[in-house]
Amino acid sequence: MKILLIFVLMIILYCFIKKAYKNTKDIVINKLKVNAQLSNQHHPKLNILQLSDLHLENISISPNELYEKLKDEPIDLIALTGDFLDRKRTIPKLIPYLKTLNQLQPKYGIYAVLGNHDYVLRPKNLKVLIQTLEKYNCKVLQNETDIISVQGTRVNIIGIDDFSTKRSNIEAAYEGITFGTNLVLTHDPNIVLNMKNYHFDYLLAGHFHGGQICYPKAYHLVKMGKLARMNIIKGFHMQDGKPFYISEGLGQTGVNIRVGSRPEMTLHELTLEIANREAVKVI
């Protein structure tokens, strides 16, 4: 009887793991409209593709599959919100994905910030990662801002470095900004709790993987900051009246399974304010 029970439990465990692994291939494309109330007022729009947490050691979509899923989507800008990999030998695996992103021909380019797993790399290997990103037309922002013009409307792309590894410098990232729409890219969304005095029109982050393994709640994330303890681990949210989005990410860490979450690619249609109001630190 005991042997039979063990056998049944092993079968159940096998089926559970098989289904959990299959979930990593069930990739969702989420589409959001932000500031949609302005869409009937002829305001310019910025179509953003956000990819986060590729974790190339455990990713279940090939570069070709990625292209096929996205080739017919309108993409003006690509935002990569950290955690590409954490092993030196994985860096070459990033190249075909970057080539694919270039194939999508984003009008305003590709932007990236780094995550906590990227900082696991030794400094010389981290430098190789950044150089690889830059070689394939990806601007890496480390507490700095780049500016684009969308139909005459200024957009400040603000890259805030990883909060969880204490590399964030919000003041440096906002330096020199005087007006325009503020689009913030960062990895750890917990940074929003420290941004009450800094304006952003939209903030994109990742880090939590939507829990990756939820049973039924992602209790294992409690050490990952206040947002996780509040069960704010994915999707669209507001903080101090400002909108932000947490991607569930494309790859997995630890074991290559997902339970109660799905890999995600996100298309954000951001309608822009036209007025050149001040967008600097708010006192």
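For the structure, check the block above.
Now for a look at the structure at hand. (Residues numbered from 1 in each chain as written. Predicted model: local features only at pLDDT ≥ 70, side-chain atom pairs only at ≥ 80, totals over all residues. Heavy atoms only, no water.)

Some words on the overall build of the chain
In step 1: Across its full length, the chain carries 6 helices and 12 strands.
In step 2: Here the chain holds 283 residues, and the buried ones make up 54% of them.
In step 3: Here the contacts in the chain between residues at least 6 apart in sequence split such that 74% fall between residues at least 24 apart.
In step 4: For the chain, the computed accessible surface area is about 13700 Å², with 55% contributed by carbon and sulfur atoms. (Helix = DSSP H or I, 4+ residues; strand = E, 2+ residues; numbered from the N terminus. Buried < 20%, exposed > 50% of the residue type's maximum accessible area, 1.4 Å probe, protein only. Contact = heavy atoms within 4.5 Å. Areas by Shrake-Rupley, 256 points an atom, 1.4 Å probe, with all protein chains shown as cover.)

Quick notes on the layout of surface pockets
In step 1: What the largest pocket holds in volume is close to 180 Å³.
In step 2: Residue lining of the largest pocket: 16 residues in total, with His207, His209, Leu221, Met224 and Thr253 positioned closest to the centre.
In step 3: Looking at the lining of the largest pocket, its residues break down into 5 nonpolar, 9 polar and 2 charged. (1 Å grid on protein atoms, 1.4 Å probe; cavity = no way out; pocket = protein on both sides within 12 Å on 5 of 7 lines; lining within 4 Å. Points joined across faces, edges and corners; volume = space filled by probe spheres on them. Nonpolar A, V, L, I, M, F, W, Y, C, P; charged D, E, K, R; others polar.)

Some points on empty space enclosed by the protein
In step 1: The full count for this structure, using the stated rule, is 1 cavity of 30 Å³ or more.
In step 2: Taken as a whole, the largest cavity encloses approximately 40 Å³ of empty space.
In step 3: Forming the boundary of the largest cavity are Leu51, Leu54, Leu66, Leu80, Phe84, Leu94, Tyr97, Leu98 and Leu101.
In step 4: Broken down by element, the residue count for the lining of the largest cavity peaks at 4 residues, all from helix H3 (residues 91-103).

Section: helix H4 (residues 123-135)
In step 1: For H4, with 13 residues, the first-to-last C-alpha span of 18 Å sits near the 18 Å given by 1.5 Å per residue.
In step 2: Residues Asn125, Leu126, Leu129, Ile130, Thr132 and Leu133 constitute the buried set of H4. End-on, the buried residues of H4 take up no more than an arc of 155°, which puts them together on one face. Facing away from the buried side of H4, by more than 90 degrees, are the exposed residues Pro123, Lys124, Lys127 and Lys135.
In step 3: Structurally, H4 contributes buried residues whose contacts are with H3 and strand S5 (138-140).
In step 4: One or two residues past the end of H4 sits Asn137, with phi positive at roughly 65°. (Expected span 1.5 Å × (residues − 1). Arc of directions from axis to C-beta.)

What about the pattern of salt bridges?
In step 1: Summed over all chains, the structure comprises 5 salt bridges.
In step 2: Between Lys71 and Glu68 there is a salt bridge, with its nearest N and O atoms 2.8 Å apart.
In step 3: Two residues, Lys139 and Asp146, come together in a salt bridge whose shortest N-O distance is 3.1 Å. (Salt bridge = Lys/Arg side-chain N within 4 Å of Asp/Glu carboxyl O.)

Some remarks on the sheet that holds strand S3 (residues 77-81)
In step 1: With mixed pairing, the 6 strands of this open sheet are ordered in space as S1-S12-S2-S3-S4-S5. Each edge of the sheet is formed by a strand with only one pairing partner; in this case those strands are strand S1 (28-34) and S5. On average, each strand axis in the sheet is inclined to that of its neighbour by 25°, with strand direction left out of account.
In step 2: Where strand S4 (residues 110-113) lies against S5, 3 bridges are found, and the strand directions are parallel. Bridge pairing links Ala112 to Val140 in S5.
In step 3: This element, helix H2 (residues 63-70), spans S1, strand S2 (45-51) and strand S12 (264-271) of the sheet and lies at about 35° to S12. (Pairing = 2+ DSSP bridges. Axes fitted to C-alpha atoms, helices over the stretch in contact; angles between N-to-C directions.)

Concerning the sheet that holds strand S7 (residues 153-159)
In step 1: The strand order across the open sheet formed by 6 strands is S6-S7-S8-S9-S11-S10, and the pairing between neighbours is mixed. With one partner strand each, in any of the chains shown, strand S6 (144-150) and strand S10 (235-239) form the two edges of the open sheet. On average, adjacent strands in this sheet sit at an angle of 20° to one another, irrespective of strand direction.

Re the pairing of S2
In step 1: Of all 7 residues in S2, 6 are buried, a share of seventy percent or more.
In step 2: Pairing of S2 with S12 involves 6 bridges; the strand directions are antiparallel. The residue bridging Lys45 from the neighbouring strand is Thr271, located in S12.
In step 3: As judged from the 4 bridges shared by S2 and S3, these two strands associate in the parallel manner. Within S3, the position partnered with Gln50 by the bridge is Ala79.
In step 4: For the crossover from S2 across H2 to S3, the handedness is right-handed. (Right-handed = clockwise from strand over helix to strand, strands pointing away.)

Description of the side chain of Glu269
In step 1: Residue placement: Glu269 occurs in strand S12.
In step 2: Despite its burial, Glu269 remains without a salt bridge, the nearest opposite charge being carried by Lys33 at 4.3 Å.
In step 3: Leaving out residues up to four positions away in the same chain, Glu269 has contacts with Leu32, Lys33, Val34, Lys45, Leu46 and Asn47. (Lys, Arg positive; Asp, Glu negative; His and termini not counted.)

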